[in-house]
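Coordinate analysis (summary)
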Amino acid sequence: MKKYNVGIVGYSWAAGAHIDAINRTSLAQVTAICSSRGLDSKEISARHGGNIRCYEDYSEMIANPDIHVVSICSYPALHAKQAIMAARAGKNLIIEKPIALTWEDCLALEKAVKEAGVKTCVCFECRFSGQLQTVKSLIEQGLLGKIHYAEVDYYHGIGPSYGQYRWNIKKEEAGSSLLSAGCHAMDALLYCIDSEVDAVHSYSTGSSHADFAKYEYPTSSVSIIKFKNGAVGKVASVIDCLQPYYFHFHLVGSEGSLLDNKFYSTKIKELNKNKWSDLSMKLLDSGDVSDHPYLHQFEAFFKAMDEGREMPLTSLADAMKTHELIFAADKSAEENNLK
């Protein structure tokens, strides 16, 4: 038996990835799942291993004193309410992105977490990827110098072939292109540019393709962010593209540049300035949640819990900064589209 028992709410694509990763950590195991599907405990236990009790009543699950952590994998519109309930029940939290669909709900969640004194982990798991860890290492070693311009763009056509499409097309269920998926790009930009945000200016649009025309909100947006340290960033969130998944990075600094898995630096004199040098790292090249670095993130979370520390890199405090910028960007786009 491991030290921490985890209850999952929602039994979807993301939940499957959470269950697998949590059960592979050194400290935690999934012992409960709450779903409206009416799951069979024996069948679910056999599928995932261990002894998993299935619930249909969320209040009943979070009342179980043997559950130490609740992982929120339900529909985005339910995240804030369910996270607040779990925090008030004294449960530590793993929350899938977005944490809420309004800034007011984000603030309410933050208040509940502070009052309850529980630990949090928000699923901006890309920060734990080999790609972003390598990029951050290059920045911290000064190989790029002071970054003054950065592009982080998210291209992933979320059409009918994806299970989430049926609800992702609804504004009240998904919110916006950024909240739905491009939030990973916005979060990665903030991770790379270590500065407070000064201003954001955004525009949005959408595809005329029949599948994407069903969306109730603009499916593509571009935001220009000005940072207080003088840097400028650009984030495109495009969930209506007809192309392979692409998470684009281009960082330009005073001593070099990075383009996806390539870089150049004046700090390494032997490099050919007329040719990019390749970085040996796994790229973020898939929207499949089973390919995301949840294991590394969750292992870090449970270890932080065990040591009484806050979650590194992806705590609620980190996620609040990303969400605040997303809501400001969406507001700017809405106002600009009305002009």
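Anything mentioned here points back to the structure above.
This write-up is about the structure you can find in this document. (Residues numbered from 1 in each chain as written. Predicted model: local features only at pLDDT ≥ 70, side-chain atom pairs only at ≥ 80, totals over all residues. Heavy atoms only, no water.)

**Considering the environment of serine 280**
Assignment of secondary structure puts serine 280 in the loop between strand 14 (277-278) and helix 10 (294-306). Looking at serine 280, the relative accessible area reads 83%, which means it is exposed. Through-space distance from the C-alpha of serine 280 to that of threonine 134 is 9.3 Å; in sequence the pair is 146 residues apart. (Helix = DSSP H or I, 4+ residues; strand = E, 2+ residues; numbered from the N terminus. Buried < 20%, exposed > 50% of the residue type's maximum accessible area, 1.4 Å probe, protein only.)

**Some remarks on the layout of surface pockets**
Computed from the structure, the largest pocket encloses a volume of approximately 820 Å³. In terms of lining, the largest pocket is formed by 41 residues, of which the most central are Ser12, Cys73, Ser74, Tyr75 and Trp167. Contributions of two or more residues to the lining of the largest pocket are made by helix 1 (13-24), helix 4 (76-88), helix 7 (165-168) and helix 9 (177-192). Classifying every residue of the lining of the largest pocket gives 21 nonpolar, 15 polar and 5 charged. (1 Å grid on protein atoms, 1.4 Å probe; cavity = no way out; pocket = protein on both sides within 12 Å on 5 of 7 lines; lining within 4 Å. Points joined across faces, edges and corners; volume = space filled by probe spheres on them. Nonpolar A, V, L, I, M, F, W, Y, C, P; charged D, E, K, R; others polar.)

**Description of the packing of helix 1 against helix 10**
At a minimum axis distance of 9 Å, the contact between helix 1 and helix 10 shows a crossing angle of 55 degrees. By the angle between their axes, helix 1 is oblique relative to helix 10. Viewed along their axes, helix 1 and helix 10 form a crossing whose handedness is right-handed. Two secondary-structure elements touch here, helix 1 through Ala17, His18, Ala21, Ile22 and Arg24 and helix 10 through Tyr294, Leu295, Phe298 and Phe302. (Axes fitted to C-alpha atoms, helices over the stretch in contact; angles between N-to-C directions. Parallel < 35°, antiparallel > 145°, perpendicular 65-115°, else oblique. Left-handed = near helix turned anticlockwise from the far one by under 90°. Contact = heavy atoms within 4.5 Å.)

**Things to note about helix 6 (residues 130-140)**
Among all positions of helix 6, only Gln131, Leu132, Val135, Lys136, Leu138 and Ile139 are buried. Looking straight down helix 6, one finds its buried side chains confined to an arc of 160 degrees; they lie on one side. Those residues of helix 6 hidden inside the fold are in contact with strand 7 (147-155), helix 9, strand 11 (246-253) and strand 12 (256-259). Looking one or two places after helix 6, you find glycine 142, whose phi comes out positive at around 80 degrees. (Arc of directions from axis to C-beta.)

**Focus on the packing of aromatic side chains**
By the definition in use, this model includes 13 aromatic pairs. On the numbers, 5.4 Å between centres and 25 degrees between planes, the contact of tyrosine 294 with phenylalanine 298 is stacked. Of this pair, tyrosine 294 and phenylalanine 298 both sit in helix 10, 4 residues apart, which is roughly one turn of that helix. Residue class for tyrosine 294 comes out buried when judged on its relative accessible area of 3%. Accessibility expressed as a relative area gives 0% for phenylalanine 298, which makes it buried. Residue placement shows lysine 136 over the ring face of tyrosine 191; its charged tip is 4.6 Å from the ring centre. (Phe/Tyr/Trp six-rings, centres within 6.5 Å; stacked < 30°, edge-to-face > 60°. Lys NZ or Arg CZ within 6 Å of the ring centre and 35° of its normal.)

**With respect to the side chain of glutamine 29**
Structurally, the position occupied by glutamine 29 is in strand 2 (residues 28-34). Judged by its relative accessible area of 15%, glutamine 29 is buried. The residues touching glutamine 29, leaving out its near neighbours within four places in the chain, are Met1, Lys2, Tyr4, Asn5, Val6, Ile22 and Asn23.

**What about the pattern of salt bridges?**
Considering all chains together, one arrives at 13 salt bridges under this definition. When the shortest N-O distance is used, the salt bridge between lysine 111 and glutamate 115 registers 2.6 Å. Pair noted here: lysine 111 and glutamate 115 are both in helix 5 (residues 103-116), with a separation of 4 residues, about one helical turn. The burial state of lysine 111 is the same as that of glutamate 115; both residues are exposed. Residues lysine 226 and aspartate 198 are paired through a salt bridge, measuring 3.4 Å at the closest nitrogen-oxygen approach. Within this pair, whereas lysine 226 is found in strand 9 (residues 220-227), its partner aspartate 198 is found in strand 8 (residues 197-205), the two being separated by 28 residues in sequence. Using a relative accessible area of 42% as the deciding quantity, one classes lysine 226 as partly exposed. (Salt bridge = Lys/Arg side-chain N within 4 Å of Asp/Glu carboxyl O.)

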